[in-house]
Every structure is written in structure tokens, then in C-alpha cells.
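Observations on the model geometry
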Amino acid sequence: MTGSVLPLAAWTVSLDLWGTLITHGDRKAADAWRITEFDRVLHAYGHHLAPEQLSEIVGRTRAEAAHQQRTAGAQPGVEAQVRAVLDELGIDQDEPDLLKLLLAVHTHAVLRACPQPIPGAREALDAIKAAGGRLVLTSNTLATPSDVHRLLLSDLGLLDRFDDLLFSGDLGVAKPRPEVFATVAERAVMPPGRVVHVGDDLLTDVDGALGAGCRAIHYNPRREAARPHVPDFAELPDLLVSSCSAAAAELISRSASHD
């Protein structure tokens, strides 16, 4: 790169996590482990349930929480999710250590899916940093709290590549709510127009970022119709540089026309 000013020096690049930077892994394995361990804990407390009943209730509770998050930007509490399961099963939530044990299972089940970085993700992050961009991870969380996410990111060699980490479980609201993206900008001490969010979900990532006054790029490996989009991480750094350079030139042109 030539010139004294790096092309992304005045920009924050925000990236989604699941389905964008890392795969979802084997979701069926994670779900099966959660049910098996829930059943083991409940059995130890004298509650003998049909696995099908437990699986249906846990799955429905998670689906309802995910729907609320995706459509309204609500952030379901992890403890509230487990309490909802116990309530539907008619089990006393105050039994000593029961809730604590079930929470440990619920929040760590995702590790059983063994998610992996999307091919080219590490290299793309390094190239964005080399271009001067501020890197922020902006992720919705459902059953997995931020401390478990940090552990996972560290194990995958991604944690140290970010300047900031934002998790909806810590914020209390989730994408696509504009408050999430406003927080990205505020913590970067940049206007929203200098934040580019990259993600695989058109509603929560693209429309959410645009609605908050940020810019957005759709990570679109399936090459579905989108605006604008990138199908491969290898193309992302160059697309960011060209898009941000064009946006900066447009702002300068507008400013000059008003002088």
C-alpha cells in the first residue's frame, strides 16, 4: 500500500460472528448433547422425563427466543430460557444447584458443535488491520454468553485480532436494533457513516446496520441477490478499501460543493 494514510485508517469494520466468521458446526451434535446432559441432571434430582418431551420443550423455548431476537432485537436472558423450560416441566426452580447445573449445560453446548473459522477469515482480518481498519466483532448471543464466546474465539485464534467485542447478551439488545450499531460507533468514537458492518443475514446484519446509519456489506457465499455483497472472504479487504475510498471521496466532494 502506498501513501502515508492507510486506506481504512478512518473506518471501523464490524463483523458478525456466526455464519460469517465461523461456521455453525454440527448443530445436531450440540442439541443432542444439551438434551442428554439436561436429562442426566434432572434424573439426578429425581425427575424422570421422556427424552422426546424434554427435546420438544427445550427446542421450542430456544426457537421462540431466537424468533424474538431476530424480529424485534429482544435479548432473551440465558437464565430466563432455562427457567422457562423448568416452568413448563413443572419442576421446582429453587432446588439446590439445579438451575446452576442446567445453566452450565445450556451455555456450553455450542462447543460440542465444533465450529471452525470460515476459510480465508483470518487472512481477511489481518489484511483489514494492515489497511488501518478498526476491527469490531458484533455478535448476537442466545444461549452462549460472552465469556464462552471469548473462550471459543481464543481457541480458534481469532480473539486477539479484534479491537473491540460487542455481544448482545452484554448490551441487553440485539441486532437488528439500531442501538447495537450505535454502540459500535460510539465506542469507536466515529460517526455511524464511518462504520461498515459485514454479515450473512440480510435482516439483522444488512438492514440493521443501514437502519442505524452505518454502511453494510452482505457476506453472501451462496451468491444470492443482495446489495452490495461479497461471496468470498478473499475479496472482502479489497471491497472494503474500494467502497470506503469511494464513500470518503463522495463526502469530500459534497463538502467542497457547500464551501
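Preceding block: the structure.
Residues numbered from 1 in each chain as written. Predicted model: local features only at pLDDT ≥ 70, side-chain atom pairs only at ≥ 80, totals over all residues. Heavy atoms only, no water.

Read from one edge to the other, the open sheet built from 6 strands follows the order E3-E2-E1-E4-E5-E6, with strand pairing classed as parallel. The open sheet has two edge strands, strand E3 (164–167) and strand E6 (229–230), and neither has a second partner. Where strand E4 (residues 195–199) meets strand E5 (residues 215–219), 4 bridges bridge the pair, whose relative direction is parallel. Bridging from a neighbouring strand, Gly199 pairs with His218 of E5. The strands touched by helix H9 (residues 202–211) within the sheet are E4 and E5, with E5 carrying the most contacts at an inclination of about 160°. (Pairing = 2+ DSSP bridges. Helix = DSSP H or I, 4+ residues; strand = E, 2+ residues; numbered from the N terminus. Contact = heavy atoms within 4.5 Å. Axes fitted to C-alpha atoms, helices over the stretch in contact; angles between N-to-C directions.)

Turning next to the side chain of Asp164. Here Asp164 shows up in strand E3. A distance of 2.7 Å separates the side chain of Asp164 from the side chain of Arg187, its partner in a polar contact. Those residues within four positions of Asp164 in sequence are excluded, and the remaining contacts are Arg134, Leu135, Val136, Leu137 and Arg187. (Polar contact = N/O pair within 3.5 Å; in protein donor to acceptor, adjacent residues only side chain to side chain.)

Turning our eyes to something else, we now look at the packing of helix H3 (residues 78–89) against helix H4 (residues 98–108). A pair of packed helices is characterised by two quantities: the angle between their axes and the separation of those axes. Viewed as axis vectors pointing N to C, H3 and H4 meet at an angle of 115°, and their least axial separation amounts to 10 Å. In this structure, H3 meets H4 at a crossing whose hand is right-handed. Side by side, H3 and H4 meet where Val78, Glu79, Gln81, Val82, Arg83 and Leu86 of the first sit next to Leu98, Leu99, Leu102, Leu103, His106 and Thr107 of the second. Residues that form the contact of H3 with H4 fall into these classes: 7 nonpolar, 3 polar and 2 charged. (Left-handed = near helix turned anticlockwise from the far one by under 90°. Nonpolar A, V, L, I, M, F, W, Y, C, P; charged D, E, K, R; others polar.)

Okay, the layout of surface pockets next. Reported here for the largest pocket is a volume of approximately 830 Å³. In this structure, the largest pocket is lined by 26 residues; those nearest its centre are Trp18, His24, Arg27, Gln69 and Leu142. Of all the elements in the fold, those that place two or more residues in the lining of the largest pocket are helix H1 (27–44), helix H2 (51–72) and H9. For the lining of the largest pocket, the element with the most residues is H2, which contributes 5 residues. (1 Å grid on protein atoms, 1.4 Å probe; cavity = no way out; pocket = protein on both sides within 12 Å on 5 of 7 lines; lining within 4 Å. Points joined across faces, edges and corners; volume = space filled by probe spheres on them.)

Right, let's talk about the environment of Ala212 for a bit. Topologically, Ala212 is positioned in the loop between H9 and E5. Along the chain, Ala212 and Arg177 lie 35 residues apart, while their C-alpha atoms are 8.0 Å from each other. In contact with Ala212, not counting residues within four places along its chain, are Pro178, Phe181 and Pro192.

The description of two aromatic rings rests on the distance between their centres and on the angle between their planes. The full count for this structure, using the stated rule, is 1 aromatic pair. Centroid distance Tyr219 to Phe233: 4.9 Å. Interplanar angle 35°. Geometry classified as tilted. With Tyr219 in strand E5 and Phe233 in the loop between E6 and helix H10 (236–257), this pair connects stretches of sequence that are 14 residues apart. This pair shows no difference in class: Tyr219 is buried, exactly as Phe233 is. (Phe/Tyr/Trp six-rings, centres within 6.5 Å; stacked < 30°, edge-to-face > 60°. Buried < 20%, exposed > 50% of the residue type's maximum accessible area, 1.4 Å probe, protein only.)

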